[in-house]
Amino acid sequence: MKNHITFKNGDSMPKLGLGTWKSEPGEVYQAVIWAIEAGYRHIDCAAIYQNEKEVGAALYTAFKNNLVKREDMFITSKLWNNAHLEDAVIPALEQSLSDLQLDYLDLYLVHWPIAFKQEVGFPRTQDGFLTYQEAPLSGTWKGMEAAQEQGLTKHIGVSNFNSLKLKEIMKGANRVPEMNQIELHPLLPQHALVDFCRKHDIQVTAYSPLGSSDRASSMKKDDEPLLMEDEVVKGIAEKQGVSPAQILIAWALHRDTVVIPKSVNQDRIKQNFAAQKIELESADMEKLNHMESSYRFVDGSFFTFEGSPYQLSDLWEDA
Ligand code: A2P
């Protein structure tokens, strides 16, 4: 199994990256250093995680101390929803570059197909949004293309886009999206959307691969399943003498998706990296590919409350 994917221009991206969503500013500096020491060469970031300055400080230290070279790291960041107007994209990317202490990104993604007014971090009322008429995705994508043309990012893509939204972007694009980062794990394998992306040469990254149980309680339902406690996952883990988390990561890698488990704990950071060595039998892959139940942990309902111009069908394939 290859441990990287390859873009059309020949650039490669390590399939396993460190996720930094929910990593507190006080923890993420050390997590990034531990990850690089453990062998990670890919860090997944975003402006809205509000920790890019600390990630940047860790990268600065790692480069200064010759732990790793910039060109050997793959760094992703994401455009927040309040910078979707065409002219707002490059300034937002430049802010991430400044926070991350980098002069280019490897990958920049449109975080959600949803736009807010510039001064709004997270809308509490309908007034905080911009509609597709006010902030068309085609304009956002033009801004992304301009950023790539200027060399601010090597690759551009999207996150949380369904096939309809991908088609919409591709229709008018000079440069097609090269990545779609979506929630993927055995309770939400999204086979159809992954196939669609593959057919259009769009690579796929799996977020929340472990079920993101450290989400804020406001984002969680009381009865949500615990992915790492799932009997099928646990059974395969026990058989192999590894942890459920490692089986979930190995599943994503065997599917040839990129995967970004988050951890701020040194042992778990190392353990997750070691999942690259795990082989999964095809019968076990089948079991994980076709679980009896399904569940979406990041359900997007925080964008679709009453009065919002957005609906779940703007996000999800099956909504
Ligand atoms: P921690 O950061 O304390 O290690 P996701 O990547 O799906 O968002 O899941 C992240 C959650 O999973 C965090 O709570 C993280 O906790 C936990 N986690 C990460 N790696 C492991 C592991 N190997 N075993 C158990 N829990 C893990």
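Residues numbered from 1 in each chain as written. Predicted model: local features only at pLDDT ≥ 70, side-chain atom pairs only at ≥ 80, totals over all residues. Heavy atoms only, no water.

(A) Spatial organisation of the overall build of the protein chain. The secondary structure content of the protein chain amounts to ten helices and twelve strands. Here the protein chain has a C-alpha radius of gyration of 19 Å; the compact-globule value for 319 residues is 20 Å, and the two agree. Taking the principal axes of its C-alpha atoms as reference, the protein chain extends roughly 55 × 45 × 35 Å. Burial status across the protein chain gives 55% buried among its 319 residues. Residue pairs at least 24 apart in sequence account for 74% of intrachain contacts in the protein chain once pairs closer than 6 positions are excluded. A total of about 14000 Å² of accessible surface is found on the protein chain, and carbon and sulfur atoms cover 47% of it. (Helix = DSSP H or I, 4+ residues; strand = E, 2+ residues; numbered from the N terminus. Rg over C-alpha atoms; globule rule 2.2 N^0.38 Å. Buried < 20%, exposed > 50% of the residue type's maximum accessible area, 1.4 Å probe, protein only. Contact = heavy atoms within 4.5 Å. Areas by Shrake-Rupley, 256 points an atom, 1.4 Å probe, with all protein chains shown as cover.)

(B) Broad picture of the pattern of salt bridges. A full pass over the atoms with the stated rule returns 13 salt bridges. The salt bridge partner of lysine 78 is aspartate 44, with a shortest N-O separation of 2.6 Å. Taken together, the residues lysine 78 in strand 5 (residues 74-79) and aspartate 44 in strand 4 (residues 42-44) connect sequence positions 34 residues apart. Here the two residues lysine 78 and aspartate 44 agree in accessibility, since each one is buried. In this structure, aspartate 214 and lysine 262 form a salt bridge, with 2.9 Å as the shortest nitrogen-oxygen distance. In this pair, aspartate 214 is assigned in the loop between strand 11 (203-207) and helix 7 (231-240) and lysine 262 in the loop between strand 12 (258-259) and helix 9 (266-274), connecting sequence segments 48 residues apart. For aspartate 214, a relative accessible area of 35% translates into the label partly exposed. Through salt bridges with shared partners, a single network forms among Lys239, Glu281, Asp284 and Lys287. (Salt bridge = Lys/Arg side-chain N within 4 Å of Asp/Glu carboxyl O.)

(C) Quick peek at the nonpolar core. By size, the foremost hydrophobic cluster in this structure holds 76 residues, and its most contacted members are Val32, Leu59, Ile75, Leu166 and Leu280. For this core, the element with the highest residue contribution is helix 8 (residues 244-254), accounting for eight residues. (Core = buried A, V, L, I, M, F, W, Y, C linked by side-chain atoms within 4.5 Å.)

(D) Representation of the site of the ligand. Not every one of the 17 residues close to the ligand is listed here, only the nearest: Ser212, Lys262, Ser263, Arg268 and Gln271. Contact between the ligand and serine 263: an oxygen atom at 2.6 Å from a side-chain N or O atom of the residue. Take arginine 268: an N or O atom from its side chain is 2.6 Å from an oxygen atom of the ligand. Coverage of the ligand by the protein amounts to 84% of the 570 Å² it exposes when considered alone. Considering each element in turn, the shell around the ligand owes the most residues, three residues, to helix 9. Tallied by class, residues from the shell around the ligand come to six nonpolar, seven polar and four charged. (Near = heavy atom within 4 Å. Polar contact = N/O pair within 3.5 Å; in protein donor to acceptor, adjacent residues only side chain to side chain. Nonpolar A, V, L, I, M, F, W, Y, C, P; charged D, E, K, R; others polar.)

(E) Quick peek at the side chain of aspartate 44. Overall, the relative accessible area of 2% leaves aspartate 44 in the buried class. Setting aside residues up to four positions removed in sequence, aspartate 44 forms contacts with Leu18, Gly19, Thr20, Tyr49, Thr76, Lys78, Gln181 and Ile260.

(F) Summary view of the side chain of serine 159. Structurally, serine 159 is set in strand 9 (residues 153-159). The buried category is assigned to serine 159, whose relative accessible area is 1%. Among the polar contacts listed, one links the side chain of serine 159 to the backbone oxygen of glutamine 181, at a separation of 2.8 Å. Setting aside residues up to four positions removed in sequence, serine 159 forms contacts with Leu109, Val110, His111, Trp112, Pro113, Asn180, Gln181 and Tyr207.

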